[in-house]
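Descriptive analysis of the structure
If you want the building blocks of each chain, they are given just below.
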Amino acid sequence: MTTLLEVGHLSKKFVSGGGPFRPVRSMHAVNDVSFSVSVGRVVGVVGESGCGKSTLARLILRLIEPTGGSVQFEDLDLLAQKPKPMRALRARMQMVFQDPYSAIDPRYTIRDAVTEPFDIQGHRYTAKEKDAKTAELLDMVGLSGHLANSYPHQLSGGQKQRVGIARALALNPALLVLDEPTASLDVSVQAQIISLLEKLQDELNLTYIFISHDLSLVKYFCDEVLVMYLGRVVEVLPDTEAAARHPYTRTLLDSTFDPDPRLRRTIEPLAGEVPSPFDLPPGCAFAARCPSATGKCSTELPVLSSDGGHPVACHHPL
Ligand SMILES: Nc1ncnc2c1ncn2[C@@H]1O[C@H](COP(=O)(O)OP(=O)(O)O)[C@@H](O)[C@H]1O
Ligand code: SF4
Ligand SMILES: [Mg+2]
């Protein structure tokens with residue numbers, strides 16, 4: 001399998017505060033994360049709200065600069081790219097957001113929204129060429145060409161997300177980073193968007209990073225899954241049938257499992273104390289919530305290791 005993306009020891013430290021009454025505080029939203037993605041795969045990223053999923057997505061696309069680590073995309077060192085080649089590279093990697101219209105001017109028509117990426121890249125298409133591109137993109141995502149002159153407020157949530165996907169596809173990307181793309185949609189609409197993504201992947205040979213806090217959706221859709229806890233990857237499930245080795249993953253699976261897919265699909269806050277991300281303990285960040293914790297866990301940081309099975313960062317894997 002050809003590697004498309006290689007992330008090495010990626011970290012992002014946020015510093016806040018400063019001034020007489022606000023002490024400077026810092027936290028690692030993403031901490032020493034390494035993984036690789038092969039062409040044509042769907043890699044899931046799961047974890048509770050605030051664990052660093054969106055920050056990781058932004059780092060991968062270099063929408064924000066990391067404080068450490070590396071990103072190789074199509075064998076290029078992303079972080080070494082100057083603005084102009086970086087802009088060209090950006091066409092190859094696109095993001096789809098939960099709320100596709102958060103980044104689009106509400107006064108834009110659908111046609112404006114899906115053709116804006118061409119303007120950003122400096123393509124000077126005529127109005128006629130833009131009409132043709134719009135028709136082609138809307139067709140790809142299963143929307144009627146008649147919607148081209150509509151405004152976002154005239155569309156349903158599912159239709160808006162289709163526009164978000166069309167916009168992401170405009171520049172022929174190799175990689176889509178999907179950041180909770182179905183989180184605000186009804187279950188039936190979610191299913192339609194997922195089957196659209198499956199169809200597009202087949203047709204366009206796309207590779208996906210699929211971020212979600214819906215584990216059952218991830219299990220259905222993804223080939224492999226990264227489990228994040230407080231900025232770190234704690235387990236890499238090589239396939240969706242793999243049994244959890246990390247106690248945190250096990251707890252997540254237990255808390256979200258329900259035979260009825262409409263119930264308890266998303267990650268609920270788990271019981272137990274979550275350490276402050278500004279003041280992490282020296283050992284395992286999950287120790288205060290972990291039924292298997294020992295003394296070693298509170299003093300020694302577990303690192304990802306493949307001893308005895310797939311990669312897990314735990315002193316006492318299941
Ligand atoms: N620009 C920022 N400045 C300071 N802290 C941030 C910033 N962006 C995110 N964070 C913090 O980083 C952590 C991870 O956030 P995020 O990546 O959005 O998590 P997730 O997407 O998993 O919910 C959170 O504690 C969040 O408050
Ligand atoms: S390292 Fe220890 S505390 Fe952390 S998950 Fe493993 S057993 Fe639990
Ligand atoms: Mg997020």
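Before going into details, it helps to say that this report is about the structure given with it. Given the structure is predicted, the values throughout are model-derived calculations rather than measurements. (Residues numbered from 1 in each chain as written. Chains lettered and ligands numbered in written order. Predicted model: local features only at pLDDT ≥ 70, side-chain atom pairs only at ≥ 80, totals over all residues. Heavy atoms only, no water.)

1. Here we look at the environment of Gly-231
Structurally, Gly-231 can be placed in the loop between β9 (224-229) and β10 (232-237). Residues Gly-231 and Asn-31, spaced 200 residues apart in sequence, show a C-alpha to C-alpha distance of 5.1 Å. Sequence-distant contacts of Gly-231, that is, excluding residues within four places in its chain, are made with His-28, Ala-29, Val-30, Asn-31, Val-33 and Cys-51. (Helix = DSSP H or I, 4+ residues; strand = E, 2+ residues; numbered from the N terminus. Contact = heavy atoms within 4.5 Å.)

2. Considerations on the packing of helix α3 (residues 110-120) against helix α5 (residues 157-169)
Their axes nearest at 7 Å, the elements α3 and α5 cross at an angle of 30°. Compared by their axis directions, α3 and α5 come out roughly parallel. Relative to α5, α3 is oriented so that their crossing is right-handed. Here Ile-110, Ala-113, Val-114, Glu-116 and Pro-117 of α3 lie close against α5, whose contacting residues are Val-163, Ala-166 and Arg-167. Residue classes in the contact of α3 with α5 are distributed as six nonpolar, no polar and two charged. (Axes fitted to C-alpha atoms, helices over the stretch in contact; angles between N-to-C directions. Parallel < 35°, antiparallel > 145°, perpendicular 65-115°, else oblique. Left-handed = near helix turned anticlockwise from the far one by under 90°. Nonpolar A, V, L, I, M, F, W, Y, C, P; charged D, E, K, R; others polar.)

3. A closer look at the site of ligand 1
Around ligand 1, the neighbouring residues are Phe-14, Met-27, Ala-29, Glu-48, Ser-49, Gly-50, Cys-51, Gly-52, Lys-53, Ser-54 and Thr-55. Gly-52 is positioned with one of its backbone polar atoms (N or O) 3.1 Å from an oxygen atom of ligand 1. Contact distances for ligand 1 include 2.6 Å between an oxygen atom and a side-chain N or O atom of Thr-55. Of all the secondary-structure elements, those providing two or more residues to the shell around ligand 1 are β2 (25-38) and α1 (53-60). With three residues, the top contributor of residues to the shell around ligand 1 is α1. When its residues are assigned to classes, the shell around ligand 1 shows four nonpolar, five polar and two charged. (Near = heavy atom within 4 Å. Polar contact = N/O pair within 3.5 Å; in protein donor to acceptor, adjacent residues only side chain to side chain.)

4. Regarding the side chain of Thr-207
Mapped onto the fold, Thr-207 is located in strand β8 (residues 207-212). The class of Thr-207 is buried, set by a relative accessible area of 1%. From its side chain, Thr-207 meets the backbone nitrogen of Gly-40 in a polar contact 2.8 Å long. Not counting chain neighbours up to four residues away, the residues in contact with Thr-207 comprise Leu-4, Val-37, Ser-38, Val-39, Gly-40, Arg-41, Ala-174, Leu-175 and Leu-176. (Buried < 20%, exposed > 50% of the residue type's maximum accessible area, 1.4 Å probe, protein only.)

5. Observations regarding the packing of α5 against helix α6 (residues 187-204)
In the contact formed by α5 and α6, the axes pass within 10 Å of each other and the chain directions differ by 20°. With respect to each other, α5 and α6 are oriented roughly parallel. Crossing angle aside, the handedness with which α5 passes α6 is right-handed. Every residue of α6 that contacts α5 at Gly-158, Gln-161, Arg-162, Ile-165 and Leu-169 is listed here: Val-189, Gln-192, Ile-193, Leu-196, Leu-197, Leu-200 and Leu-204. Looking at the contact of α5 with α6, its residues break down into eight nonpolar, three polar and one charged.

6. Looking at the site of ligand 2
Around ligand 2, the surrounding shell holds 13 residues, and the nearest of these are Cys-284, Cys-290, Cys-297, Cys-314 and His-315. When atoms are counted within 2 Å of each cavity's grid points, the one that captures over half of ligand 2 is the largest cavity. Here the residues of the shell around ligand 2 sort into nine nonpolar, four polar and no charged. (1 Å grid on protein atoms, 1.4 Å probe; cavity = no way out; pocket = protein on both sides within 12 Å on 5 of 7 lines; lining within 4 Å. Sits in = over half its atoms within 2 Å of the grid points.)

7. With respect to the packing of aromatic side chains
For the coordinates displayed, the defined rule picks out six aromatic pairs. Here Phe-118 and Tyr-125 contribute two aromatic rings whose centre-to-centre distance is 5.1 Å and whose plane-to-plane angle is 80°, an arrangement assigned as edge-to-face. On the basis of an interplanar angle of 50° and a centroid distance of 4.5 Å, the ring pair of Tyr-229 and Tyr-248 is categorised as tilted. In this pair, Tyr-229 is assigned in strand β9 and Tyr-248 in helix α8 (residues 247-256), connecting sequence segments 19 residues apart. Across the pair, exposure class does not vary: Tyr-229 and Tyr-248 are buried alike. Through a chain of ring-to-ring contacts, three or more aromatic side chains come together here, namely Tyr-208, Phe-210 and Phe-221. Geometry around Phe-278 places Arg-25 over its ring, the cationic atom sitting 3.6 Å from the centre. (Phe/Tyr/Trp six-rings, centres within 6.5 Å; stacked < 30°, edge-to-face > 60°. Lys NZ or Arg CZ within 6 Å of the ring centre and 35° of its normal.)

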